[in-house]
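Here is how the chains run, residue by residue.
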Amino acid sequence: MLLLLLLQVSASCLWLGRSEVVTSFESSCPQFFFRETPPNEALEPESPAWICQRYKNQYYFATLYDRNRRIPVYSAYLYQPGPGKRPKTWLVEPQLMGPTYPKTLEREWTLLNYFNVSLEQLSKSQAILQDYKNLTGLNRGHLNPSGHHPDSSSRTATFTLTNIVPQDEKLNGGAWNNYEQQTMIRRTRGCNTTYVVVGAVPGNNYIAKGRVNKPSYIWSSACCEVDTNHRKSWAAIAENDKNEVQLLTLGELEDVLTELYGRDQVSLFDSDCPRE
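Criteria and cut-off values
Residues numbered from 1 in each chain as written. Predicted model: local features only at pLDDT ≥ 70, side-chain atom pairs only at ≥ 80, totals over all residues. Heavy atoms only, no water. Disulfide = S-S within 2.5 Å. Helix = DSSP H or I, 4+ residues; strand = E, 2+ residues; numbered from the N terminus. Buried < 20%, exposed > 50% of the residue type's maximum accessible area, 1.4 Å probe, protein only. Expected span 1.5 Å × (residues − 1). Arc of directions from axis to C-beta. Contact = heavy atoms within 4.5 Å. Patch = residues over 30% accessible without salt bridge, like charges linked within 9 Å, V, L, I, M, F, W, Y side chains within 5 Å. Areas by Shrake-Rupley, 256 points an atom, 1.4 Å probe, with all protein chains shown as cover. Salt bridge = Lys/Arg side-chain N within 4 Å of Asp/Glu carboxyl O. Lys, Arg positive; Asp, Glu negative; His and termini not counted. Charge placed at Lys NZ, Arg CZ, Asp CG, Glu CD. Pairing = 2+ DSSP bridges. UniProt positions renumbered as here; feature names shortened; annotations may be inferred. Bend = angle between axes of the 7 residues up to and from the residue.

Draft legend 1. Representation of the state of the cysteines in the model. Applying the stated criterion to the full structure yields three disulfides. Between C191 and C224 runs a disulfide, and the two sulfur atoms are separated by 2.1 Å. The disulfide joining C191 to C224 has a torsion of about -105° about its S-S bond and is therefore left-handed. Taken together, the residues C191 in the loop between helix 7 (175-187) and strand 7 (193-201) and C224 in strand 10 (residues 217-227) connect sequence positions 33 residues apart. This pair shows no difference in class: C191 is buried, exactly as C224 is. In the chain, the bonded cysteines, taken in the order they occur along the sequence, pair up as 1-2, 3-5, 4-6.

Written out as structure tokens, the structure reads:
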């Protein structure tokens with residue numbers, strides 16, 4: 001009994017962060033969406049998970065996750081870039097195994113050693129570190145990039161495999177990185193608050209012996225509040241096998257995604273965000 005208590009105390013000391021699988025973003029972490037309005041249902045996969053990504057008792061962003069393809073559909077956050085080091089620790093989401101598991105982003109090692117979880121259990125509805133080993137021509141590509149956050153805690157929260165897709169390494173380190181680091185700085189000048197939704201369109205190819213989908217496209221959209229009466233928006237999309245980024249209006253991106261998904265008209269932001 002004493003040994004068990006000591007193990008539990010040790011495990012609690014290793015907890016790195018908190019996140020939570022919820023029933024809806026509107027009721028749990030709406031602050032990451034313009035006018036508290038998430039994208040509509042046109043992007044939802046067959047087996048979705050709504051994750052409010054929380055670290056040290058604070059929510060930092062929201063992710064809609066595809067349990068079957070083991071990639072995020074999109075991540076939504078506030079653009080608040082700041083200087084700092086890039087984290088090195090990768091985390092996973094225990095609650096994708098079920099609501100009885102901790103509301104905490106954890107290292108795989110912690111779950112396997114302190115929570116009696118098997119790697120098979122963990123890997124059923126999410127990607128694990130093994131899935132991203134020995135990649136050829138691909139990187140672990142963040143949807144919500146750590147560099148768009150102001151401090152160590154917010155950057156660490158982005159280093160969860162529920163915020164990662166297999167991304168073409170040239171694109172990730174080239175044109176997409178330029179968009180994240182340069183275009184966003186230019187476009188956000190004059191913005192008081194910038195809401196961002198970044199996503200991935202599922203493709204026909206997989207890595208890790210068919211476990212993790214390789215997206216066909218990576219896309220990003222932003223809605224900026226200049227002041228109470230003025231807003232602006234922009235968007236971008238890239239094929240996930242070319243080092244090129246195409247800049248679009250928000251309305252153009254929504255139309256492209258509508259065609260790629262082949263469902264209802266896609267809406268990424270509240271209607272008060274301009275589409276042109």
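Draft legend 2. Here's a closer look at helix 8 (residues 250-261). Over its 12 residues, helix 8 extends 16 Å from the first C-alpha to the last, a length consistent with the 16 Å expected when each residue adds 1.5 Å. Inspection of helix 8 places L250, G251, L253, E254, L257, T258 and Y261 among the buried residues, and these make up the whole buried set. When helix 8 is viewed along its axis, its buried side chains cluster within an angular range of 160° and face the same direction. As for helix 8, its buried residues are in contact with strand 4 (71-78), strand 7, strand 10, strand 11 (230-239) and strand 12 (246-248). Positive phi appears at G262, one or two residues downstream of helix 8, with a value of about 65°.

Draft legend 3. Main features of a negative patch on the surface. A contiguous patch of negative charge, built from E252, D255, E259 and E276, is present on the exposed surface. Tracing the backbone shows E259 in helix 8.

Draft legend 4. Up close: unusual backbone geometry. Residue A208 is not a glycine yet carries a positive backbone phi of 55°. Secondary-structure assignment places A208 in the loop between strand 8 (205-207) and strand 9 (212-214). For A208, a relative accessible area of 24% corresponds to the partly exposed category. You will see that K209, though not glycine, has its phi angle at about 55°, which is positive. Take K209: it is sitting in the loop between strand 8 and strand 9. For K209, a relative accessible area of 88% translates into the label exposed.

Draft legend 5. Inspection of the pairing of strand 3 (residues 58-66) at higher detail. In terms of burial, strand 3 is a largely internal element, eight of the nine residues being buried. Relative to strand 3, strand 2 (residues 48-55) is paired through eight bridges, and the arrangement is antiparallel. Bridging from a neighbouring strand, A49 pairs with Y65 of strand 3. Hairpin connection between strand 2 and strand 3: a loop of two residues separates the two successive antiparallel strands, and K56 in this loop has a positive phi of roughly 50°. Sheet topology note: the strand 3/strand 4 ladder contains five bridges and is antiparallel. Counterpart to L64 in the pairing with strand 4 is Y74.

Draft legend 6. Here's a closer look at the UniProt feature "domain: ENPP1-3/EXOG-like endonuclease/phosphodiesterase" (unreviewed entry) in the chain. Under the feature "domain: ENPP1-3/EXOG-like endonuclease/phosphodiesterase" (unreviewed entry), the UniProt entry names residues 58-268. Structurally, residues 58-268 comprises 23% helix and 31% strand, and the distance from its first C-alpha atom to its last is 24 Å.

Draft legend 7. Up close: the pairing of strand 6 (residues 164-168). Within strand 6, five of the five residues are buried, which leaves the element mostly enclosed by the surrounding structure. Here strand 6 shows no split at all, with I164, P166 and D168 on one side and V165 and Q167 on the other all buried. As defined by bridge partners, strand 5 (residues 138-142) adjoins strand 6 across five bridges and the pair is classed as antiparallel. Across the sheet, the residue bridging to H142 is I164, located in strand 6.

Draft legend 8. Inspection of helix 7 at higher detail. Residue Q181 marks the point of greatest curvature in helix 7, where the axis turns by about 25°. Taken together, the buried positions of helix 7 are A175, W176, Y179, E180, T183 and M184.

Draft legend 9. Spotlight on the side chain of E20. Position of E20 relative to the elements: it lies in strand 1 (residues 18-22). Those residues within four positions of E20 in sequence are excluded, and the remaining contacts are W50, I51, C52, R54, Y59, E93, Q95 and K103.

Draft legend 10. Up close: the pattern of salt bridges. Summed over all chains, the structure comprises seven salt bridges. D272 is the salt-bridge partner of R35, the closest N and O atoms lying 2.1 Å from each other. With R35 in the loop between helix 2 (25-28) and strand 2 and D272 in the segment after helix 8, this pair connects stretches of sequence that are 237 residues apart. Residue R211 is joined to D131 by a salt bridge in which the shortest nitrogen-to-oxygen separation is 2.8 Å.

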